[in-house]
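Survey of secondary and tertiary structure
The chain contents come next:
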Amino acid sequence: MNRTKEPQTWLQRVENLHPYETLLYLGMFGSGLIFLFLAVAFISSGINQLEGLNHKIPVAFLISTFMLILSGYTATKMRLHYQEENIPKLEGSLRNTFFLGVTFTILQFAGWKELTDMGINFTGLPSGSFLYLLSGIHIFHLLGAMIFALILLVQLRKTQEDGIRKLILVTNPFEKMRIRLFTVYWHFMDAIWLILFFLFILSF
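Quick summary incoming for the structure in this document. Nothing here was measured: the structure is a model prediction, and the numbers come from that model.

1. Quick look at the overall build of the protein chain
Helix and strand counts for the protein chain come out as 7 helices and 0 strands. The secondary structure elements of the protein chain, listed N-terminal to C-terminal, are α-α-α-α-α-α-α. Here the protein chain holds 204 residues, and the buried ones make up 42% of them. Considering only intrachain contacts with a sequence separation of at least 6, the fraction spanning at least 24 residues in the protein chain is 84%.

What follows is the structure, encoded as structure tokens:
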């Protein structure tokens, strides 16, 4: 007689999470709270202080937003290539995601330069200060994912040179979880930036 599997409660699902999953989700929750509090402070400080100063949002911020959206697509492709057991394409998608993240970071610095040229400094108007603070904290969080991506790239390169490692990679649930958690965190950072970018647009 077949027994139907009883649905787990929310607490049971949390208890069954791998420690890495628990740490990541807790970290995302904590980071989300930090960005939420800072965003509320940004709005409360007078989000429209930059209006009427004939300023436009930095072009580098616009381009970097496109880069990050594109990196979200390449991160999604990673999971598809893993399911297909196509390690070369998996490595290619991860490499593209990493370099798009690097490009995004460089463009953020270019955006800060544009802000400075406009006369919007870190120590100036509160709204201007929050532009630097929020984007800077976002870069800090994204750097963690980029470092992990670099480690994964090295491991995937070694995997392609060793058939046994490749077999372990495509059959080990732990490896599947690592790739899934990376993509989840990357999409989380994408979503955070899109929200921040929308607030930045409102401030100009």
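2. Observations concerning the nonpolar core
Counting 49 residues, the largest nonpolar core has Leu94, Leu115, Leu134, Trp186 and Phe200 as the members making the most contacts within it. Within the residue set of this core, elements represented by two or more residues are α2 (19–44), α3 (59–83), α4 (87–117), α5 (126–160), α6 (163–171) and α7 (173–203). Examining the composition of this core, we find that 14 residues originate from one element, α7, more than from any other. Look past the residues within four positions of Leu134 in its chain and what remains in contact with it is Phe35, Leu38, Ala39, Phe42, Leu196 and Phe200.

3. Topic: unusual backbone geometry
In the Ramachandran plot, Glu85 falls in the positive-phi region, its phi being about 60° despite a non-glycine side chain. Looking at the element boundaries, Glu85 is found in the loop between α3 and α4. With relative accessibility at 45%, the residue Glu85 sits in the partly exposed group.

4. A word on the pattern of salt bridges
A complete count under the given rule lists 5 salt bridges for this structure. Ionic pairing is found between Arg180 and Glu21, a salt bridge with its closest N-O pair at 2.5 Å. With Arg180 in helix α7 and Glu21 in helix α2, this residue pair connects regions lying 159 residues apart in the sequence. The partly exposed category is assigned to Arg180, whose relative accessible area is 24%.

5. Examining the side chain of Ser64
Topologically, Ser64 is positioned in helix α3. The class for Ser64 is buried, based on a relative accessible area of 0%. In this structure the side chain of Ser64 is engaged in a polar contact, spanning 2.9 Å, whose partner is the side chain of Gln108. With near-sequence residues (within four places) excluded, Ser64 lies in contact with Phe104, Leu107, Gln108 and Trp193.

6. Remarks on the environment of Trp186
Looking at the element boundaries, Trp186 is found in helix α7. When the C-alpha atoms of Trp186 and Gly101 are compared, they prove to be 9.6 Å apart, with 85 residues separating the residues in sequence. Polar contacts involving the side chain of Trp186 include one to the side chain of Ser71, which spans 2.8 Å.

7. Some thoughts on α3
For α3, spanning 25 residues, the distance from its first C-alpha to its last is 38 Å, which sits close to the expected 36 Å at 1.5 Å a residue. Once α3 finishes, Glu85 follows within two positions and takes phi at roughly 60°, a positive value.

8. As for the packing of aromatic side chains
Enumeration over the complete set of coordinates arrives at 13 aromatic pairs. Taken together, a centroid distance of 6.2 Å and an interplanar angle of 40° make the contact between Trp112 and Tyr132 tilted. Taken together, the residues span a long stretch of sequence, with Trp112 in helix α4 and Tyr132 in helix α5 at a distance of 20 residues. Each member of the pair Trp112 and Tyr132 is classed as buried. Judged by centre distance (5.7 Å) and plane angle (80°), the ring pair of Trp193 and Phe200 falls under edge-to-face. Using a relative accessible area of 0% as the deciding quantity, one classes Trp193 as buried. When its relative accessible area of 0% is taken as the criterion, Phe200 is described as buried.

Rules and cut-offs
- Residues numbered from 1 in each chain as written.
- Predicted model: local features only at pLDDT ≥ 70, side-chain atom pairs only at ≥ 80, totals over all residues.
- Heavy atoms only, no water.
- Helix = DSSP H or I, 4+ residues; strand = E, 2+ residues; numbered from the N terminus.
- Buried < 20%, exposed > 50% of the residue type's maximum accessible area, 1.4 Å probe, protein only.
- Contact = heavy atoms within 4.5 Å.
- Core = buried A, V, L, I, M, F, W, Y, C linked by side-chain atoms within 4.5 Å.
- Salt bridge = Lys/Arg side-chain N within 4 Å of Asp/Glu carboxyl O.
- Polar contact = N/O pair within 3.5 Å; in protein donor to acceptor, adjacent residues only side chain to side chain.
- Expected span 1.5 Å × (residues − 1).
- Phe/Tyr/Trp six-rings, centres within 6.5 Å; stacked < 30°, edge-to-face > 60°.

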